[in-house]
Amino acid sequence: MSDNTVFEPKIIAFLCKWTTYAAADLCGVSRMPYPSNISIISVNCTGEVTADMILSSLAKGADGILIGGCRPGHCRYEDGNLKGSNRVYLLKRVLKEFGVNPDRIREVGIAGAQGLIFQQAVEKFTADIRAFGPCPVMSNA
Amino acid sequence: MSRIGVFVCHCGMNIEETVDTRRVADTLKLYPGVVHAEDYDYMCSEIGQQKIRDVIVEHNLDGVVVASCTPAMHQETFRNAAEEAGLNRYRLEVANIREQVSWVHSDREVATQKAIRMARAAVEKVRGDDDLEAIAVDHETRCLVVGGGISGIQAAIDVANSGHKVILVEKDPSIGGHMAQLSVTFPTLDCAQCILTPRMVEASRHPNIELLTYSEVVKVAGFMGNYEVTIRKNPTYVDADKCNLCDKCSEVCPVGVKEEFNEGLSERKAIYLPFEQAIPSSYVLDENACLGVKPIRCGLCQDVCDVGAIDYDMAPEVITEKVGAIIVATGYDLYDPSHLTEYGGGKYPDVVTSLQFERMVHPSGPMKGQLRRPSDGRSVKSVAFVHCAGSRDPGRHKPYCSRICCTYTAKHALLFKKGVPDGVANVFYIDIRTDGKGYEEFAQGIISGKRVRYIRGKVAKVVDEGDHLTVWGADTLSGKRMEIDVDLVVLAMAMVPSEGTAELAKTLHINVDENGFLKEAHLKLRPVETTTAGVFIAGTAQGPKDIPDSVAQASAAAAKAIAILSADKLSHSPEVAAVDEQLCSGCGICASVCPYDAVKVERSGIAVVNEILCFGCGVCAASCPAGAIEIKNERHAQIEEMIGVALGSEK
Amino acid sequence: MPNKKTLAIYAAGGCGGCGQSLLLSPNLVLLLDRVDLLFWASSTSDLTDEEISAYDDRGIDLLIYAGTVRGNENIATARLLRAKAKRVVAYGACAHLGGLCGLANVYSGAQLRALPSADGEFVQPLSSVIDVDYILPGCPPPQAMVTRMMEELFIADVMPEQGTVFASNKAVCAQCDRKHVPNPLSSVRRFHTAPPDPEICLIDQGYICLGPVTRGGCDAVCLKSNRPCTGCAGPVAGVRDQGGAILHALASLVSFPGTDTEKKEHQVLDSIPDVIGTTYKYSAASSILKRRVNDGK
């Protein structure tokens, strides 16, 4: 990467199709723009997201990972979101020990009607990742 | 080797405006496994669908990707087309390049690159898809209706008339809802009780309807066609079959509390009849108001009851019922007037809400139809009606329009003039929105009739001067400020979802919108469905509306429910968990984490999935340390490839 | 009698346990009878790179490499041995996964170089520097697996397929007899506080056991001695990141539904004292993250 290139963060988002994915769609319907750095992958529940998916994403060049699901207590599969959240909690400890900034993983709980909140979350996260700089894991892989 | 076809939709200009769809198709044509790629105007049209069918046959495709709008819109449409051409419907994936690309990004180059990546990711997903067959499931044939207002009653009757049994749950001691409180309804000026009570009686007597009043839904488990609902029946302490409405108990009761039916304008006793036409037709003991039931602190009501209807030993009863569909019609409440501090709402006794006014003009209401000031009982000779109290105010209160207030305020003004012919009625309005059938004619008759003064301007403040109220407003048409003295102010309060709606939505796993109303699956085309299959919504719980719209939605929801209840068998998605027996070591972690008990470790030492109970949430797949259980067509290998492609790490 | 196969054994950095596992094998004498042992560094002799270079390319039929690859010296020797061998076995957890030594990878290069005896370089699994034909997992490899390796490599007529791992594809749980008493993980118990019930699954009792993610074939000897599996044989077939796999299983088991906050769950998760040491004990060097990076924090 030459000094002339501006760092454009690459962000992978795992979004629960019932909530945050729907909020992203609402953003679209309402024509509320957000940075294009984010690529969205739909999951049935954030409880479906594994440590492997997160670590793999980092190894394949993701600078940030956004996990969007239901707020606590609202998961339609009882507590899938909670289990996913627990995994991220432990994984962040692993990331820290390996020197990776754990804030590169962000969890959000956004309801399907909250298009504006989604837009704001993506804007903020993209700005934060831009400030962190490129994630060094890929060059390690 | 895969044989995948890719179709990139322009969606008119919706996608084409920002994404170079031709380039997306051309780039995908070169992608490994893609044997055909094209772009077209409207893939969802008949021509578009025919293209899919034709190409599947011509090129012997084993997978299709449609890059278009969000899957929620047309995935089923496209999958139907694929199935008709002989391709298994689960081998078609949609790449979202409209809601999540063309509509949110503006740079054409960036958007096109992203669309290419998303389309490739969908190709990777479809590459790993297997043939799947939907699973046929038996189901319950009863329906649960939550809420016994006009909407719930209508829905219950419609479902019951189709031959299916209904359980109608209402949290108040009587069905009827707010409509029972109204005096007359616009535009016909029908007496509200006269048109409502026959429905109430029909619901209570219908052989297919089981009425559970003073009851609440506390838990819902299961899925469309097979819901298990837990209901708590709260004790009324009165045997409804024995009660003969003699009123002796109420007479001797020492406790007085505000009467809900009269919106606090009168008092009732702790043991009371909700209202004259209450169904069930029985007195009810409000244990929160009562001095004490367990242990008995008073006991006077039981002493005087000649028929032994009062039973202090009643206890809450918790029951579980199995139903196939659920209709939620939990109605509205009025926005708390105490939020409108500048109007003295909730503070000045002579500043009342629209529902309170209904009770005041009602001939059987607390004032027997004689309009009197609540503070000092003097006759009301002048009144100010305030439109949009709490509505259309995104800065401080509710952003939406409550829809019915313009028409009912015109009605209120008319009723006032009928009751007080020489009285002065002032209506402060912003707009006149009388859009229902007959409403414009009805309201114009009142507005232009010159008996009522219509002033275009918001009310800034109401001041209580003791023996009268002063209303500070403005007449924007003449440009003059106004200060009017009146005896009574009536606020057309905003409608809000009824208390407990948010908790109930959570219990039912349905969403609420940004204003707390129950959220429909699609605002335009699916107004009575939710994103939870088998749960439908109707009436003001979904948003402010009048009685005709509430009744229409109730019947619509009933029709949707009947479709489920009368189906021969229901179809269960085959996108469920599957175990790789070569990798499963029987550690049992999947069984521990499954919220539905859908997977268990058998004696063979291998986990086995009960497909009917599985909803494909993926928690087991994510918890299995060996990767031995995965969701069909959403396997880790597929997601792994999608990640790589989405990141553009494979150019 | 067919020509004897030539065998060479090389021990790189490590504890010597792998060499002992061979010495302990009851089949060792039989083995030595069937092969021409060229060298066994460092159990019986030591060997310089020069001496290794003297062998013909592909001249050694079978090369067993045990121990870590750390530092340029190891890498060079490994590559040299690869050139001289027809088939290479990565023997033991250090060669297979990086082993316990791989835990050093969570330290930065600067921290490692500051240690008096360290080479200052990161640990890698053998397969990161050369092509590996066979893997014998374990720390040390359990006798059941050692015997299997010997049988398949030296007694069978046909060489096993390249890529064979001399262990089960399934997890240890398949060989463990303990009973299940499904239980959400409401607290994490440590072995030094109380010995577990020998009949019941350790995870069900709240102890952390890596059995579900670890290759079996070891007869679950640790479990049968009332100790947990610590994951020495590496992840089951198809799992790339052993630590990630077990941590997401454990995290999923911690659940207090009905509460709207995650306080209780976090308390339980926080009580795992050393996440890396527990979940990536042998496999830190072969995890997806591989080694410490410098990410600003």
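Analysis parameters
- Residues numbered from 1 in each chain as written.
- Chains lettered and ligands numbered in written order.
- Predicted model: local features only at pLDDT ≥ 70, side-chain atom pairs only at ≥ 80, totals over all residues.
- Helix = DSSP H or I, 4+ residues; strand = E, 2+ residues; numbered from the N terminus.
- Rg over C-alpha atoms; globule rule 2.2 N^0.38 Å.
- Buried ≥ 20, exposed ≤ 12 C-beta atoms within 10 Å, placed from the backbone.
- Contact = placed C-beta atoms within 7 Å.
- Nonpolar A, V, L, I, M, F, W, Y, C, P; charged D, E, K, R; others polar.
- Core = buried A, V, L, I, M, F, W, Y, C linked by C-beta atoms within 7 Å.
- Pairing = 2+ DSSP bridges.
- Expected span 1.5 Å × (residues − 1).
- Arc of directions from axis to C-beta.
- Domains from an automatic or database assignment.
- pLDDT = per-residue confidence, 0-100.
- Axes fitted to C-alpha atoms, helices over the stretch in contact; angles between N-to-C directions.
- Left-handed = near helix turned anticlockwise from the far one by under 90°.
- Right-handed = clockwise from strand over helix to strand, strands pointing away.

When its secondary structure is counted, chain A shows five helices and four strands. Helices and strands appear in chain A in the N-to-C order β-α-β-α-β-α-β-α-α. In terms of C-alpha radius of gyration, chain A reaches 15 Å, essentially the compact-globule figure of 14 Å for 141 residues. Seen through its C-alpha atoms, chain A measures out along the principal axes to roughly 45 × 35 × 20 Å. Expressed as a percentage of its 141 residues, the buried residues of chain A come to 67%.

With that settled, consider the overall build of chain C. If you tally the helices and strands in chain C, you get 11 helices and seven strands. Compactness check: chain C gives a C-alpha radius of gyration of 21 Å against a globular reference of 19 Å for 297 residues, within 12% of the reference. Taking all 297 residues of chain C together, 48% fall into the buried category. Taking the contacts inside chain C whose residues are at least 6 apart along the sequence as the reference set, 75% of them involve residues at least 24 apart.

In this assembly, 21 residues from chain C lie in contact with 19 residues from chain B. A breakdown of the residues in the side of chain C that touches chain B according to their chemical character gives 13 nonpolar, seven polar and one charged.

Membership of the largest hydrophobic core comes to 217 residues, with the highest contact counts inside it found for Val6(B), Val64(B), Val65(B), Ala67(B), Ala119(B) and Tyr65(C). Sort the elements by how many residues they give to this core and helix H5 (residues 108–127) of chain B lands first, with nine residues. Those residues in contact with Ala119(B), other than ones at most four positions away along the chain, are Val6(B), Val8(B), Val24(B), Leu28(B), Val65(B), Ala67(B) and Ala95(B). Counting residues in each nonpolar core, the second largest holds 79 residues, with Ile167(B), Met200(B), Ala557(B) and Ala558(B) among its members.

Residue and element names in this part refer to chain B. The sheet contact formed by strand S11 (residues 215–223) and strand S12 (residues 226–233) spans eight bridges and is antiparallel. Its bridge partner lying in S12, Val-220 is registered against Val-229. Where S11 hands over to S12, the hairpin turn is made up of two residues, of which Gly-225 adopts a positive phi near 90°. Judged from the seven bridges that link them, S12 and strand S17 (residues 317–323) form a sheet pairing that is antiparallel. Residue pairing for S17: Glu-228 is matched across the bridge by Lys-322.

Before going further, it helps to spend a moment on the interface of chain B and chain A. Interface size is commonly expressed as the accessible area that is lost once the parts come together. Taken together, the contacts link 40 residues of chain B with 41 residues of chain A. Contributions of two or more residues to the side of chain B that touches chain A are made by helix H4 (98–102), H5, helix H16 (619–623) and helix H17 (636–646) of chain B. A total of seven residues in the side of chain B that touches chain A trace back to one element, the largest contributor, which is H17(B). When its residues are assigned to classes, the side of chain B that touches chain A shows 17 nonpolar, 14 polar and nine charged.

So, about helix H7 (residues 192–205) of chain B. Spacing of three or four residues puts side chains on the same side of an α-helix, whose turn is 3.6 residues. All names here are of chain B. Here H7 contains 14 residues, and its C-alpha end-to-end distance of 20 Å stays within 8% of the 20 Å for a straight helix at 1.5 Å per residue. For H7, the set of buried residues is Ala-192, Gln-193, Leu-196, Met-200 and Ala-203. Down the axis of H7, the buried set is contained in an arc of 95°. They therefore lie on one face. What points out from H7, more than 90 degrees from its buried face, is the exposed set Cys-194, Pro-198 and Arg-205. Among the structural elements, helix H6 (150–161), strand S7 (166–169), strand S8 (184–185), strand S9 (190–191) and strand S10 (209–212) are those in contact with the buried residues of H7.

Residues and elements named next belong to chain C. Examined at the domain level, chain C breaks down into domain 1 (5–155) and domain 2 (172–286). For domain 1 versus domain 2, the separation of C-alpha centres amounts to 29 Å. Contact with domain 1, which involves 19 residues of that partner, is made by 16 residues of domain 2. Of all elements in the fold, only helix H5 (92–97), strand S6 (123–124) and helix H7 (143–155) reach the threshold of two or more residues within the side of domain 1 that touches domain 2. By residue number, the principal contributor to the side of domain 1 that touches domain 2 is H5, which donates three residues.

What follows is about unusual backbone geometry. Cis rather than trans, the peptide bond between Ile279(B) and Pro280(B) has omega equal to 0°. Residue position: Pro280(B) is located in the loop between strand S15 (271–272) and strand S16 (284–285). Looking along the chain, the bond that leaves Cys139(C) and enters Pro140(C) is cis, with omega of -10°. For Pro140(C), the location among the structural elements is in the loop between strand S7 (134–136) and H7. Phi is positive for Cys11(B), close to 50°, though the residue is something other than glycine. Residue Cys11(B) is classed as buried on the basis of its 23 C-beta neighbours within 10 Å. In this structure, Asn633(B) is a non-glycine residue whose phi angle is positive, near 65°.

Take Val106(C): it is sitting in the loop between H5 and helix H6 (109–113). For the pair Val106(C) and Ser255(C), spaced 149 residues apart in sequence, the C-alpha separation works out to 29 Å. Once you skip the residues sitting within four places of it in the chain, Val106(C) turns out to touch Glu97(A), Phe98(A), Ile276(C), Ala284(C) and Arg292(C).

This paragraph deals with the confidence of the model for chain C. Residues and elements named next belong to chain C. Averaged over chain C, the pLDDT score is 88; the fraction of residues at 70 or greater is 94%. Averaged pLDDT values over the elements of chain C bottom out at 79 in H6 and peak at 96 in S7. Scoring of the predicted complex yields 0.79 for pTM and 0.94 for ipTM.

Within a sheet, neighbouring strands are paired by backbone hydrogen bonds and run either parallel or antiparallel to one another. All names here are of chain A. Ordered by their spatial adjacency, four strands build an open sheet running S2-S1-S3-S4, and the pairing between neighbours is parallel. Where the open sheet ends on each side, the last strands, each with one partner, are strand S2 (38–43) and strand S4 (105–109). The sheet shows a mean angle of 20° between the axes of neighbouring strands, taken without regard to direction. Direction of pairing for strand S1 (residues 11–16) relative to strand S3 (residues 64–69): parallel, over a ladder of five bridges. Bridge pairing in S3 places Leu-15 opposite Gly-68. Sitting on the sheet, helix H1 (residues 20–29) touches S1, S2, S3 and S4, and the angle it makes with S1 is about 110°.

For the rest of this paragraph, the subject is the packing of helix H3 (residues 80–97) of chain A against helix H10 (residues 263–270) of chain C. Orientation of H3(A) relative to H10(C), taken along the N-to-C sense of each, is 40°, at an axis distance of 10 Å. The two elements H3(A) and H10(C) meet at a crossing, and its hand is right-handed. Contacts between H3(A) and H10(C) involve Leu82(A), Asn86(A), Tyr89(A) and Leu90(A) on the former and, on the latter, Glu265(C), His266(C) and Leu269(C). For the contact of H3(A) with H10(C), the class distribution of residues is four nonpolar, two polar and one charged.

Moving on to the sheet that holds strand S26 (residues 480–486) of chain B. Residues and elements named next belong to chain B. With antiparallel pairing, three strands are arranged side by side in an open sheet as S24-S25-S26. On the outer flanks of this sheet lie strand S24 (461–464) and S26, each paired with one strand and no other. Here the strands of the sheet are splayed against their neighbours by 20° on average, with no regard to which way each runs. Alignment of S24 against strand S25 (residues 469–475), held across four bridges, turns out to be antiparallel. Across the sheet, the residue bridging to Val-462 is Val-471, located in S25.

What follows concerns the pairing of strand S4 (residues 92–96) of chain B. Residues and elements named next belong to chain B. Counting buried positions over the five residues of S4 gives five, a clear majority of the element. Of the two faces of S4, the one carrying Leu-92, Val-94 and Asn-96 and the one carrying Glu-93 and Ala-95 are both buried. Here strand S3 (residues 63–68) runs beside S4; their pairing, made up of five bridges, is parallel. Counted as the bridge partner of Ser-68 is Asn-96 from S4. For the crossover from S3 across helix H3 (residues 71–84) to S4, the handedness is right-handed.

Its location among the elements puts Ile296(B) in the loop between S16 and helix H9 (300–304). Considering only alpha carbons, one finds Ile296(B) and Tyr312(B), 16 residues apart in sequence, at a separation of 7.8 Å.

Take H3(A) next. Here H3(A) contains 18 residues, and its C-alpha end-to-end distance of 26 Å stays within 8% of the 26 Å for a straight helix at 1.5 Å per residue. The first or second residue beyond H3(A) is Gly99(A), which carries a positive phi of 85°.

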